[in-house]
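Working through the structure, step by step
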Amino acid sequence: MGLKVPLVELVETPALPERLQSALAAHARWRDAGVHLVGVRHHSPGCAAALAALFEEVRPAVVLIEGPREYGALLPALADQRTKPPVAILSVGERTSGFYPLADFSPEWVALRWGSVNGATVEFIDASYADIADPDGVEVRTLQAEHHLARSALIAAVGDRLGCRDHDETWEHLFEVRSPEALADWRRFFADTLAWGAMARLDAGRELLDRDGTHRREAVMAAILDRYREAPGGVVVVTGAFHTLALLDVLDSTPEAAWVRAKAGASLDPTREAWLIRYDFDRLDGLRGYGAGMPAPGFWQRAWQARSEGIDPRRFATEVVLEVAGRLRAAGEPAGSATAMDAVGQALRLAELRGRDWPGRTDLTDALLSCFVKDDYGLTGAIGEALRGVFGGPVMGEIPDGLAAPPLVAEARRAASRLRFVIGDATARRVSLDTQRKPSHVKRREFLARMRFVGSGFSRQLGGADLVQGSGAGLLFEDWEYAWTPLVEASLIAASARGATIAELVRAGVAKRLDDEQLGAGRVARLIAELLVMGEPDVLRPALAALRRCYDDEAHLGSVVDSLHALAGLLAEQSRLPLGEHVEAVTELIGTGLASATHLIAPLSGLRPEDQPAACDDLVGLRSLLLRLVELVETLSVSTSSTSGHALRRELRLLRRDPRTPARLHGCLLGIAFCDADLDVDELAGASAAHLAAGADPDRVADFLLGLLQAAPDLLLHTPELVEALNAALGAMEPEAFLAVLPDLRRAFTWLKPTETHALAAMLARLTGAAATEFDTVQVADPLLAERAASLERELVASLRRDGLAEWVAS
């Protein structure tokens, strides 16, 4: 079983391309001369096993590895026995970041560890990260992309001949499922990987490889290889298989070598920084978008360990299937031992039928699908989650703190551990914090808020009492989610250029926000709240001063109102967010803000129609603010400026009486005044008469009603006189005019609750002499159609639950 013929014999072409024939001969010739060009697929356990066999036999003096040159500075950290994969080297550029992941079964990891332990010279030989082109322009990318291999027509033809479903299964069939004895035959193995990479290479023209930077990178590889090609003791060069043909061209000075030599010129000894971070299998998984990853790295980690320990294929398959079955049972799914053993047997028979010496990912996946899935939904729901846990997983590698990362990362990890956050894996976890009564929870919240503020991606608030946004008032708990992922470490490393500690990052972030020319009062007030949530009262002074300046220049009433609500919230939440010495300053700012709002009232009389809905929102918010301040004065003995409040109410009255005030704002102001007992029923009816008189402009009627109901939705229920006037005004409209304003009328009545709508219908029924039931609309549906709809809903709900989306289903 296994691949019994050289890979090139599977290519259905009239004749093997001459360049490939020459490369295979050159590969053997240079190997015999002590220059071993090892073409690999990144993160391939098969390549790693064959490479280990090569090292054991050849024991070279020099090991060269594809990877940016600056990574050589990290070799001591990579060789440290406390460093345990999966890890990744991180490069941070001005606009992009690049990851170079390493797993136990990565050929590059095997190479650098062997070289370090055995005293060989070890170097990375790729162009510097800053010199590597990014054809896709993404912000975060892998430095081991293999897109040329996946797009090769020749490789696809081989896959079709073998009956494989995609590029990954073709690779698995040809390389990963060989027997341990076949993997130990490294000469044959790497001749086949050369053929694999060369087939993809022959599909790519010179212009493409110039444009995507491949030749530029290979020029650096070739220059470093030139330094060591005659080194005593031999040299092993580990690169992606796509580059092997080009390096052979350079060694033999073929015509194609000029394509690479023409791109020489990049620095061979850059001094740029690189860092080492923890990584996890979920982000290494090729099925989840990682450009160079073998699918299911958790599976191949198990295969690598099994082969290293001499475990036979049946035992290996049994362990994988039993782990999947155990996860299914934990999720409440039936997964008996008999079914599990059936799956093991089927996986082994599939591997044998397909000519494989070892059961691969596709064999086990197909067997699990056949034995455990009883419907048409495939590998979704519980079985999908179980496979993701076994074939991937959030468990992260280990790196000693401070070994190859800025102190900022170590500081954040120490703080997270001290506060009992779980950071040993990348799993997202939720916590509910009682910051009202538990000081330890306050400390945990402050850390979560700081990590959110500095942009680490570690934490976010999901719900509960949100003291920054001012929502969830009265709730005891704050609900947060956190996860220590590779991207958190990457973000902290990038942020370390702005500050060496979390405290420095916070101060730098505050300064940057306050320097924003577009910063308004609302955003500054939220920043003040965020500083208190982070437990950073010492940074409040510049923010308070900035808010005072905003009040002098603010042109938007909504921003002022939002800021005042935020400040009122701070005064109300002093048991959670103590203001300390800043109470007086915040109280004075409220008075200043009210004065600013007062000056912004009069200009509303000339507001454009498109700005009126937002202005009504601002006026309603202003009214609720005034009520809130009255409550603070009464319950917390907080002293606010009564002069500012009186002046503000005076300006609201003047705007309400101004004949230039648009109908929508006038309706809103009337509703507010009536609710505040500043108008009685007769005054309300009189003030509304101009809008609702017979023959009134339909648009004016609709606008007035929109503003009125926005401010006081239940007002109509308590003023029959207003209902009568409104009914008369609508009845006097021409049909065309009524239809034109009907959408606005409908929108106005959406401010009413369903019970209020019903009560208004009853009032109209009495007014018109009709029965209330005549206003009800009853939908009659075909019973059979209703049953079909209910059945479809049940199927949809069941499908969502199978897919692990039960939270989407309403209770």
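Above this note sits the structure.
A brief structural summary.

Calculation rules
- Residues numbered from 1 in each chain as written.
- Predicted model: local features only at pLDDT ≥ 70, side-chain atom pairs only at ≥ 80, totals over all residues.
- Heavy atoms only, no water.
- Helix = DSSP H or I, 4+ residues; strand = E, 2+ residues; numbered from the N terminus.
- Buried < 20%, exposed > 50% of the residue type's maximum accessible area, 1.4 Å probe, protein only.
- Lys, Arg positive; Asp, Glu negative; His and termini not counted.
- Salt bridge = Lys/Arg side-chain N within 4 Å of Asp/Glu carboxyl O.
- Contact = heavy atoms within 4.5 Å.
- Pairing = 2+ DSSP bridges.
- Axes fitted to C-alpha atoms, helices over the stretch in contact; angles between N-to-C directions.

**Section: the side chain of Arg 664**
On the secondary structure map, Arg 664 appears in helix H30 (residues 663-675). Buried Arg 664, no salt bridge; nearest opposite-charge side chain is Asp 703, N-O distance 5.1 Å. In this structure Arg 664 touches Gln 612, Pro 613, Cys 616, Asp 703, Phe 704, Leu 706, Gly 707 and Gln 710, once residues within four positions along its chain are discounted.

**Details of the sheet that holds strand S11 (residues 478-482)**
Strands sit in the order S9-S11-S10 across an open sheet of three strands; the sheet is antiparallel. This sheet does not close on itself; its edge strands, each paired only once, are strand S9 (429-433) and strand S10 (459-464). Looking at each pair of strands side by side, their axes are set apart by 25° on average, direction ignored. Of the pairings in the sheet, the one linking S9 to S11 comprises five bridges and is antiparallel in character. Pairing of Ser 432 across the sheet is with Asp 479, part of S11. The strands touched by helix H21 (residues 439-453) are S9, S10 and S11; relative to S9, the strand with the most contacts, the crossing angle is about 130°.

**So, the sheet that holds strand S2 (residues 62-68)**
Spatially, S1-S7-S2-S5 is the arrangement adopted by the four strands of the open sheet, whose pairing is parallel. A single partner strand is all that each edge strand has here, and the edge strands are strand S1 (35-40) and strand S5 (121-126). Taken over all neighbouring pairs, the strand axes of this sheet differ in orientation by 25° on average, direction set aside. Two strands pair when backbone bridges link them, and S2 and strand S7 (residues 235-240) are joined in this way by four bridges, in the parallel orientation. Its bridge partner being in S7, Val 62 is matched across the sheet by Val 235. In the packing of helix H2 (residues 45-58) onto the sheet, contacts are made with S1, S2 and S7, and the angle to S1 comes to roughly 165°. The strands touched by helix H4 (residues 107-117) within the sheet are S1, S2, S5 and S7, with S2 carrying the most contacts at an inclination of about 135°.

**Re unusual backbone geometry**
Going from Pro 85 to Pro 86, the amide bond is cis rather than trans, its omega being 5°. Note that Pro 86 resides in the loop between helix H3 (75-79) and strand S3 (87-92). One non-glycine residue, His 43, lies in positive phi territory at about 65°. Its location among the elements puts His 43 in the loop between S1 and H2. If you check the backbone angles, Ser 253 has positive phi at about 50° while not being a glycine. In this fold, Ser 253 is placed in the loop between helix H12 (241-252) and helix H13 (257-261). On the basis of relative accessible area, Ser 253 is assigned to the exposed category, the value being 59%.

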